[in-house]
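Descriptive analysis of the structure
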Amino acid sequence: MNKRPIIINTSRGEVINEEALLQALNSGKIHSIGLDVYENEPITDRQNELVNHPRAVCTGHYAWYSDKASLELQRRAALNLLNFLRGILLKTALTND
């Protein structure tokens, strides 16, 4: 890994220990961060130093809230259900093949 990596987390907030992340950011072990998910949502006062850090880009975890995204999620869920009932392997299914 690069000696001063950029950490980006858009998956699950729990995969990163935010206290350790802040320490690594402050010490220079990590160059910068980008977060869209957090250990606690909504953000607590304890997380403000991390979220407001000058080398952090932090956004709210609400990308799916748009009308277009919501409709697309519903469409995909319906299509997946239909394909499952038809015996068609789902495109997003994990397999051992």
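Scroll up for the structure.
The paragraphs below set out a description of the structure included in this document. (Residues numbered from 1 in each chain as written. Predicted model: local features only at pLDDT ≥ 70, side-chain atom pairs only at ≥ 80, totals over all residues. Heavy atoms only, no water.)

1. Regarding the sheet that holds strand β1 (residues 6-9)
On the basis of which strands lie adjacent, the open sheet formed by three strands has the order β1-β2-β3 and parallel pairing. Only two strands of the sheet have a single partner each, and these edge strands are β1 and β3 (56-58). Each neighbouring strand pair of the sheet contributes to a mean axis angle of 5°, computed without reference to strand direction. In this structure, β1 lies alongside strand β2 (residues 32-35), joined through four bridges in parallel fashion. Bridge pairing in β2 places Ile-6 opposite Ser-32. (Pairing = 2+ DSSP bridges. Helix = DSSP H or I, 4+ residues; strand = E, 2+ residues; numbered from the N terminus. Axes fitted to C-alpha atoms, helices over the stretch in contact; angles between N-to-C directions.)

2. As for unusual backbone geometry
Between Glu-41 and the following residue, Pro-42, the backbone shows a cis peptide bond with an omega angle of 0°. As for its position among the elements, Pro-42 is in the loop between β2 and α2 (48-51).

3. Points about helix α1 (residues 18-27)
Within α1 the residues assigned to the buried category are Glu-18, Leu-21, Leu-22, Ala-24 and Leu-25. For α1, the angular spread of the buried residues around the axis is 165°, confining them to a single face. Across α1 from its buried face, at more than 90 degrees, point the exposed residues Glu-19 and Gln-23. Buried residues along α1 sit in contact with β1, β2 and α2. Positive backbone phi, approximately 90°, marks Gly-28, located one or two places after α1. (Buried < 20%, exposed > 50% of the residue type's maximum accessible area, 1.4 Å probe, protein only. Arc of directions from axis to C-beta. Contact = heavy atoms within 4.5 Å.)

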